[in-house]
Each structure stands twice: as structure tokens, then as C-alpha cells.
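# Topology and contacts: notes
Here is how the chains run, residue by residue.
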Amino acid sequence: MVPHLVTALTGPLLDLEEKILAATPAIERWFRLEWQEHTPPFYCSVDMRNAGYKLAPVDTNLFPGGFNHLATEMLPLSVQAAMAAIDKYCPDARNLLLIPEIKQRHPSYLQNVARLMQIFRQTGLHVRLGSLSPEITEPTPLALPDGNMLVIEPLVRSPNGRRLGLKDFDPCTILLNNDLSDGIPEILQNIHEQSLLPPLHAGWALRRKSNHMNAYDEVVKKFGKLIGVDPWMLNPFHAKCDAVNFRTGEGYDCLAANVDALLSKIKKKYKEYGIKDQKPFVIVKPDAGTYGTSVLTIKDSSEIKDLSQEQRDRMIVVKDGKEVTDFIIQEGVPTFESIKDDVAEPVVYMIDRYVVGGFYRVHAEKGKDQNLKAPGSHYVPLAFAQQHAVPDLKAKPGTAAPNRFYVYGVVARLALLAASLEMERTDPNPEVY
């Protein structure tokens, strides 16, 4: 079941929406068969861009941190999906250990942690919080904006060293809401008697976006053949450059060559589809995780050599002070959507294989071709449509909100399936599958 999200927005999706809606039975059957072969990530969020002529995921996060931005109407579906997810790993689970990113004491992030605890408590689990920080040596209260408190506790390995928990708390399942940008701490290694979700190789210490994009290429090629659309309509072109040093200029030739190649491919597609009012651009960003920093919008390869010192400095360091040398170049997909004249992009949330909601990320100071995951952004939740507001197959393409958001749910699940393939192929212990 895909919830139909409600918004006041309207706009074109051309014949892509029409083809997806017409093929709904075939699409849902195809997903069912794929999930028989592949295990979806425990949870996931997908940032999307709707350019009118193209709808594409631009970022897939396996440690989603915005559950508090989902509408409260979506909680029942989140709980049902969480039950299905937990049943796969530990059907008789009683205790869940949630490990958040304690450095992030931002009130909004703590509200996300509280929402996750609420969801999993509703599934019938005792939920407690554990910290990877050595600074947490005893149960520590964390204040929430609404006056409530979270309590985070130090992690403890069992006497035999084979299990992880808290004092007097032995969980069946350990859920990470920490992307491991700092590396994989020793206390999380060699846990074989409990389910650790997502797996360690989903963290940015090991994960690479280029692997995900390669998997997505495969998924969307099959999907395009299934419904008879050009995969480009759902997929940004991309390339990769290793060993780029924004201090010394080393690797600039690789970046410039790939930027030129991608811009040329985009121009050909624009010509093919008669897109005249949009200038091609690309996004340069780290191959490993970022928190919205270290992102460049480039419209000509000459811009790379002309970067200001401030821009170069920003590209050298990402989250937690890690230096970056490996970059991806991704086709820029503008967003035509806006809320009160502010540029917006949809973010779709999933637990297991189910869409459980989403929100719009909105930024008043950014343009349609810029990165919105930046300070100053705010969020507008998407609520459920009423039960009767299923996709309207007779509606003119682009005019019915339930139709648009059904399509968003389909594309988000394509990215989810790609993440599943990515995790299988990068798993250091592939015999699990």
C-alpha cells in the first residue's frame, strides 16, 4: 500500500505520470517480485526533484533523521511498517536499542529521535537510547522543545563480548540512527548474536554514493522497459572523480572533463525533448556522505578553475571534519515546485518496503537549481489524502495531487530497491543473502 499524500501544489509531469498510472498493476506486481529476491533497507528517505520534464531521486539516506517532520496522520502506517520490519529480524523482539547521533543535540533532531521511539513503542517494544560518545558515562537527560526528556545511556558489551546493550537491558535488535561518518567504533564491531540495523557497511565510513547510483542505473533501466519510458526521465546522469584536491588543484582535469561530458549529454536530451527554458547544470558533491555542505552547482567546466577560496575551503571539509578527495558529478535536476514562492523539493520516507510519508524541504534563499539541504531550510509535512482519494486515472496529467504523490512513492521505491542491491553487493559477509 502506498499512501497518497496531500498538498495544494499542482504542476506538470507530462506523460510520465500517465504511463506510471496506467501501468500501476504491473508496477506493483514487479515490486512484489523484486522484494521476494531482495531485502529492503530497514528505513530510508529519498530526496527528489520534479523538473516537470523529469522526476528523479538525487539523494538516498539510509539513516533518515526527519521522522518528526512527517504528519501525525502518518503514524499508524509507520507503526505497521515498523512491525513488518522488526518481524523479519526478531519476531519475538521485546527490547530495541536505538543509537542516535548524540553530537546532534539540535532540538529538531532530538524530536526525530523521540518520534522514532514513539513508533517502535507502539509496535510493542521497550525502547532505550544508547550513546557512542565516550562523554556519556551515566544516564543523561536530553531536553526536548516540548518540555519532555529523553534519557541516553552508555553502551555496554556483555561479559562474553558477543552482545551489545545497556546496563540491565539486553536488546534483540539494535537500530542505528547515526550515519557513522566518524568511522566504525570498536564497540559496534563483531556483533553476531543480535540484528544491527542498518548494517555497518551502510554507514558513510564505507558507503559510496557512486555504488548506489550504479545500482539505480540497473533498477531504472528495468523499470523503464517495463512501462515504456526513457530511463533518463527518472535518472540523473552521473560520473565519478577520485583523488581531487581542492587545495592544490589536483584532479581538476578529471572534474572538468566529466563536467563537459555530462553537460554535453544533458544538452542532447534537452534537444531531444524540446526543453528550451532550462540551462543544463551539474552538481559536484562528495562520494561519501555530506550534510548539505561541500556541494557545488556548475554550469560550465571553466567555473571549476575559477572557484573562490571560500568555495574551495567548503569542498575540502565535510561533516565531522573529514577531508574529501572522491567526488561525484551528478546531472542537476531543477525543481519547479514551490510553496509560497519559496523553492521546494519532496522528501519521501519509507520503513521496510512501505512508503510511510514525506515532507517538502523549503528554502526561501535558494534557487531552483541549488542545493536546498542547507541552513535556513524548513519543512512542510505531507498529510494523507482521504481514503477515497486514490489515483484518479481519468484526471488530466499533473492536475491531481494523489496521482502525483503515487508517482513520487513509485520513484522513491526505485531508489529503495537500488539501495537494497547496493547493500547486497557491498556486504563484507554476503552469505547472509
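Residues numbered from 1 in each chain as written. Predicted model: local features only at pLDDT ≥ 70, side-chain atom pairs only at ≥ 80, totals over all residues. Heavy atoms only, no water.

Looking now at unusual backbone geometry. If a residue is not glycine, its phi is most likely negative; likewise, a peptide bond is most likely trans. With omega at -20°, the peptide bond leading from Leu197 into Pro198 counts as cis. Position of Pro198 relative to the elements: it lies in the loop between β11 (195-197) and α5 (209-227). At Asp168, a position not held by glycine, the phi torsion is positive, near 60°. Secondary-structure assignment places Asp168 in the loop between β9 (164-165) and β10 (173-177). Notably, Ala243 is not glycine yet its phi reads approximately 55°, a positive angle. The topology assignment puts Ala243 in the loop between β12 (238-241) and α6 (252-272). Of the residues examined, Ala243 reaches a relative accessible area of 45% and is grouped as partly exposed. (Helix = DSSP H or I, 4+ residues; strand = E, 2+ residues; numbered from the N terminus. Buried < 20%, exposed > 50% of the residue type's maximum accessible area, 1.4 Å probe, protein only.)

Turning our eyes to something else, we now look at the environment of Val79. Locating Val79 in the fold gives a position in helix α3 (residues 75-89). For Val79, a relative accessible area of 11% translates into the label buried. Remark: the alpha-carbon pair of Val79 and Gln122, spanning 43 residues in sequence, is separated by 6.4 Å.

Quick look at the side chain of Thr123 now. Along the chain, the position of Thr123 falls in the loop between α4 (107-122) and β5 (126-131). Among all residues touching Thr123, those that are not within four sequence positions of it are Val79, Ala82 and Met83. (Contact = heavy atoms within 4.5 Å.)

Packing of helix α2 (residues 24-37) against α5 brings their axes to within 11 Å, and their N-to-C directions diverge by 145°. As α2 runs across α5, the sense of the crossing is right-handed. Of α5, the residues touching α2 (which contributes Ala26, Ile27, Trp30 and Glu34) are Val219, Lys222, Phe223, Leu226 and Ile227. (Axes fitted to C-alpha atoms, helices over the stretch in contact; angles between N-to-C directions. Left-handed = near helix turned anticlockwise from the far one by under 90°.)

Turning our attention to the state of the cysteines. The full count for this structure, using the stated rule, is two disulfides. Bridging Cys90 to Cys172, the disulfide has an S-S length of 1.5 Å. An S-S torsion of about 110° defines the bridge between Cys90 and Cys172 as right-handed. Taken together, the positions of Cys90 in the loop between α3 and β4 (95-100) and Cys172 in the loop between β9 and β10 put the pair 82 residues apart, joining distant regions of the chain. The buried category is assigned to Cys90, whose relative accessible area is 5%. Covalent S-S linkage joins Cys241 and Cys254, the inter-sulfur distance amounting to 2.1 Å. Here the S-S torsion is close to -95°, and the disulfide linking Cys241 with Cys254 is therefore left-handed. One end of the pair, Cys241, is in strand β12; the other, Cys254, is in helix α6, with 13 residues separating them in the sequence. By relative accessible area, Cys241 is classed as buried at 1%. Overall, the relative accessible area of 28% leaves Cys254 in the partly exposed class. When the cysteines of the protein chain that form disulfides are numbered from the N-terminus onward, they connect as 1-2, 3-4. (Disulfide = S-S within 2.5 Å.)

The first and last C-alpha atoms of α6 sit 30 Å apart over 21 residues, in line with the 30 Å expected at 1.5 Å per residue. Buried residues in α6 make contact with β12, β13 (282-286), β14 (296-298), α7 (302-305), α8 (309-316) and β15 (327-331). Once α6 finishes, Gly274 follows within two positions and takes phi at roughly 65°, a positive value. (Expected span 1.5 Å × (residues − 1).)

Core analysis: the largest hydrophobic core is formed by 59 residues, its most contacted members being Ile20, Ile27, Phe223, Leu234 and Leu414. Looking at which element gives the most residues to this core, the answer is helix α9 (residues 401-426), with 15 residues. Three or more residues apiece are contributed to this core by two domains, here domain 1 (3-62 + 207-423) and domain 2 (70-203). (Core = buried A, V, L, I, M, F, W, Y, C linked by side-chain atoms within 4.5 Å. Domains from an automatic or database assignment.)

Moving on, we come to the pattern of salt bridges. This model, assessed by the stated rule, comprises 17 salt bridges. The salt bridge partner of Glu218 is Arg425, with a shortest N-O separation of 2.7 Å. Taken together, the residues span a long stretch of sequence, with Glu218 in helix α5 and Arg425 in helix α9 at a distance of 207 residues. Owing to a relative accessible area of 38%, Glu218 belongs among the partly exposed residues under this scheme. Residues Lys240 and Asp242 are paired through a salt bridge, measuring 3.8 Å at the closest nitrogen-oxygen approach. (Salt bridge = Lys/Arg side-chain N within 4 Å of Asp/Glu carboxyl O.)

As a further point, take the pairing of β15. In summary, the side chains of a regular strand alternate between the two faces of the sheet. The buried fraction of β15 amounts to five of the five residues, a majority that puts the element mostly inside the structure. Neither face of β15 is exposed, since Phe327, Ile329 and Glu331 on one face and Ile328 and Gln330 on the opposite face are all buried. Sheet topology places β12 next to β15; four bridges connect them, and they run antiparallel. Residue pairing across strands places Cys241 opposite Phe327, the latter belonging to β15. Here five bridges tie β13 to β15, and the two strands are oriented antiparallel to one another. Across the sheet, residue Val284 finds its bridge partner in β15, namely Ile329. (Pairing = 2+ DSSP bridges.)

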